[in-house]
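Chain by chain, the residues run as shown.
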Amino acid sequence: MELIFLWAGLYKLGNLISYNGLLSFPFSLTYYGLLNPTLNPHHDGSRIGCSGSTVPAMARLIRNAQRTLFSSCSSSTTLIHGLRRHEYCNWISHSSLPLQIRLYAANKITKSPFKENILRILRNEISYQTEYAPPHEPATRFNSFIVEDRPGEQWITMRGRHNDIEDIKIEVTMFDGFKLIPKPGEDASGEDVALHISLLVDITRENDGHKLEFACSAWTDCLEIQKVYIFSHDTMLSRPYMGPDFRKLNGNLQKELHGFLEARGVNNELSTFLHEHIMNKDRIELIKWLEKLKSFMEK
């Protein structure tokens, strides 16, 4: 009866051994010299029976097999875990991790030190221009003239009428030149810079369509006439005569032409207004330009 239980135990043990990838059960029994008696060094040539010597041998066999089984199971578990770790590492390295790293790197692209330095200078300059001498809202009227500021452009337009029969249009540039003048005051020494503004004054009569155009220089405190042009809508010449240099005209004629403009509001007062207006416009356009440059550098 003991032998039957031992054989049954060995049979189940063999199945477990075979299931875990070890030697097949018959081979294991052969290894231990049970199925092939000739391989058992302690075999005396007789068949295995219910003798006292056989039971200890079977017990030793079971213990050895159990140790082999447990060692194999532990090794198999370790191997399986190792394979799983290897597969997981491969999955991480070939799928999600590089993509995450690339996305992180793409999101963490920083501006170059050169660009950061430009942005820092631009921010400081914008702050200085807006705080030290902030521009004010540009004027829309001056005396009888309507002022069209034309944001983003290098000139302004002024429009008016005289005696309801003349249309006056004045095109004014921003500062386009300068001259050196002595500093005011008896004790003053050195020179100051006087800024120059160019303007074209068009005076058109409604009844005949003829037009006078005055090319003028606007200084801080005075207005000078440089040229006088006469245009007619009836005649379009390819190379029209543009008139003499104004400074070469008779002095009385120069005086009368100045009076002609002054009667229509084009005078020294207008020149002073234009310098103040253009100075303010220059600050407005400068700040807008700096803001656009900063916006471009930030992208």
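Conventions used here
- Residues numbered from 1 in each chain as written.
- Predicted model: local features only at pLDDT ≥ 70, side-chain atom pairs only at ≥ 80, totals over all residues.
- Heavy atoms only, no water.
- pLDDT = per-residue confidence, 0-100.
- Helix = DSSP H or I, 4+ residues; strand = E, 2+ residues; numbered from the N terminus.
- Contact = heavy atoms within 4.5 Å.
- Salt bridge = Lys/Arg side-chain N within 4 Å of Asp/Glu carboxyl O.
- Buried < 20%, exposed > 50% of the residue type's maximum accessible area, 1.4 Å probe, protein only.
- Pairing = 2+ DSSP bridges.
- Core = buried A, V, L, I, M, F, W, Y, C linked by side-chain atoms within 4.5 Å.
- Phe/Tyr/Trp six-rings, centres within 6.5 Å; stacked < 30°, edge-to-face > 60°.
- Lys NZ or Arg CZ within 6 Å of the ring centre and 35° of its normal.
- Polar contact = N/O pair within 3.5 Å; in protein donor to acceptor, adjacent residues only side chain to side chain.
- Expected span 1.5 Å × (residues − 1).
- Arc of directions from axis to C-beta.
- Patch = residues over 30% accessible without salt bridge, like charges linked within 9 Å, V, L, I, M, F, W, Y side chains within 5 Å.
- Areas by Shrake-Rupley, 256 points an atom, 1.4 Å probe, with all protein chains shown as cover.
- Axes fitted to C-alpha atoms, helices over the stretch in contact; angles between N-to-C directions.
- Parallel < 35°, antiparallel > 145°, perpendicular 65-115°, else oblique.
- Left-handed = near helix turned anticlockwise from the far one by under 90°.
- Nonpolar A, V, L, I, M, F, W, Y, C, P; charged D, E, K, R; others polar.

## Some words on the confidence of the model for the chain
1) Next: Per-residue confidence for the chain averages 74 on the pLDDT scale, and 62% of its residues sit at or above 70.
2) Next: For the chain, helix α2 (residues 25-31) is the element with the lowest average pLDDT, namely 41, and strand β2 (residues 145-148) is the one with the highest, namely 96.
3) Next: Note on residues 1-7: pLDDT under 50 across the span, and seven contacts to partners over four residues away in sequence or across chains.

## Quick notes on the pattern of salt bridges
1) Next: What the rule picks out here adds up to 13 salt bridges.
2) Next: For Arg150, the salt bridge is made with Glu171, and the minimal N-O distance between the two is 3.6 Å. Of this pair, Arg150 sits in the loop between β2 and β3 (155-162) while Glu171 sits in strand β4 (residues 166-182), and the two are 21 residues apart along the sequence.
3) Next: Residue Arg150 is classed as partly exposed on the basis of its relative accessible area of 27%.
4) Next: In this structure, Lys169 engages Glu171 in a salt bridge whose closest nitrogen and oxygen atoms are separated by 3.3 Å.
5) Next: Overlapping salt bridges, with partners in common, bring together Arg150, Glu153, Lys169 and Glu171 in one network.

## Details of the pairing of strand β7 (residues 223-231)
In summary, the side chains of a regular strand alternate between the two faces of the sheet.
1) Next: Bridge count between strand β6 (residues 211-218) and β7: eight bridges; the pairing is antiparallel. Residue pairing across strands places Ser217 opposite Glu224, the latter belonging to β7.
2) Next: Taking the residues that link successive antiparallel strands as the turn, the β6-β7 hairpin has four residues.

## Observations concerning the nonpolar core
1) Next: Membership of the largest hydrophobic core comes to 27 residues, with the highest contact counts inside it found for Met158, Ile170, Leu199, Val201, Phe214 and Leu274.
2) Next: Residue assignment for this core shows that the elements contributing at least two residues are β2, β3, β4, β5 (191-205), β6, β7, α5 (251-262) and α6 (268-298).
3) Next: Dropping the residues within four chain positions of it, Val201 is found in contact with Ile168, Lys169, Ile170, Leu212, Glu213, Phe214, Cys216, Leu261 and Val266.
4) Next: With five residues, the next largest nonpolar core counts Leu122, Ile126, Leu290 and Met297 among its residues.

## So, the packing of aromatic side chains
1) Next: Enumeration according to the criterion identifies four aromatic pairs in this entry.
2) Next: Its guanidinium or amino end placed over the ring of Trp219, Lys179 lies 4.2 Å from that ring's centre, counting from NZ or CZ.
3) Next: Here the guanidinium or amino end of Arg264 rests over the ring plane of Phe260, the centre of that ring lying 3.7 Å away.

## Notes on the side chain of Arg264
1) Next: Its place among the elements puts Arg264 in the loop between α5 and α6.
2) Next: Residue classification places Arg264 among the buried positions, given a relative accessible area of 13%.
3) Next: Here Glu166 takes part through its side chain, which lies 2.7 Å from a polar atom of the side chain of Arg264.
4) Next: Here Arg264 is in contact with Phe145, His162, Glu166, Ile168 and Ile203, once residues within four sequence places are set aside.

## Focus on helix α4 (residues 113-132)
1) Next: With 20 residues, α4 ought to run about 28 Å at 1.5 Å a step, and its terminal C-alpha atoms sit 28 Å apart, in line with that.
2) Next: Among the residues of α4, Leu119, Leu122, Ile126 and Gln129 are the ones counted as buried. End-on, the buried residues of α4 take up no more than an arc of 100°, which puts them together on one face. Those residues of α4 that are exposed and aimed more than 90 degrees away from the buried face are Pro113, Glu131 and Tyr132.
3) Next: Close packing links the buried residues of α4 with α6.

## With respect to the pairing of β5
1) Next: Across 14 bridges, the pairing between β4 and β5 is antiparallel. Looking across to β5, one finds that Ile170 is bridged to Val201.
2) Next: Connecting β5 to the antiparallel partner β6 that follows it, the hairpin turn spans five residues, and Gly209 within it adopts a positive phi of roughly 80°.

## Here's the deal with a nonpolar patch on the surface
1) Next: Taken together, the side chains of Phe178, Leu180 and Val193 make up a nonpolar region of the molecular surface, amounting to roughly 320 Å² of accessible area.
2) Next: Relative to the helices and strands, Phe178 resides in strand β4.
3) Next: Overall, the relative accessible area of 56% leaves Phe178 in the exposed class.

## A short note on the packing of α4 against α6
When two helices pack together, their arrangement is given by the angle between the helix axes and by the axis-to-axis distance.
1) Next: Between α4 and α6, the least distance of the axes is 10 Å, while the angle of their chain directions is 155°. Here α4 lies roughly antiparallel to α6, going by the angle between them. Both α4 and α6 take part in a crossing whose hand is left-handed. Contact residues: α4 offers Lys115, Ile118, Leu119, Leu122, Arg123, Glu125, Ile126, Gln129 and Thr130, while α6 offers Leu286, Ile287, Leu290, Glu291, Leu293, Lys294, Met297 and Glu298.
2) Next: Of the residues that constitute the contact of α4 with α6, the class distribution is nine nonpolar, two polar and six charged.

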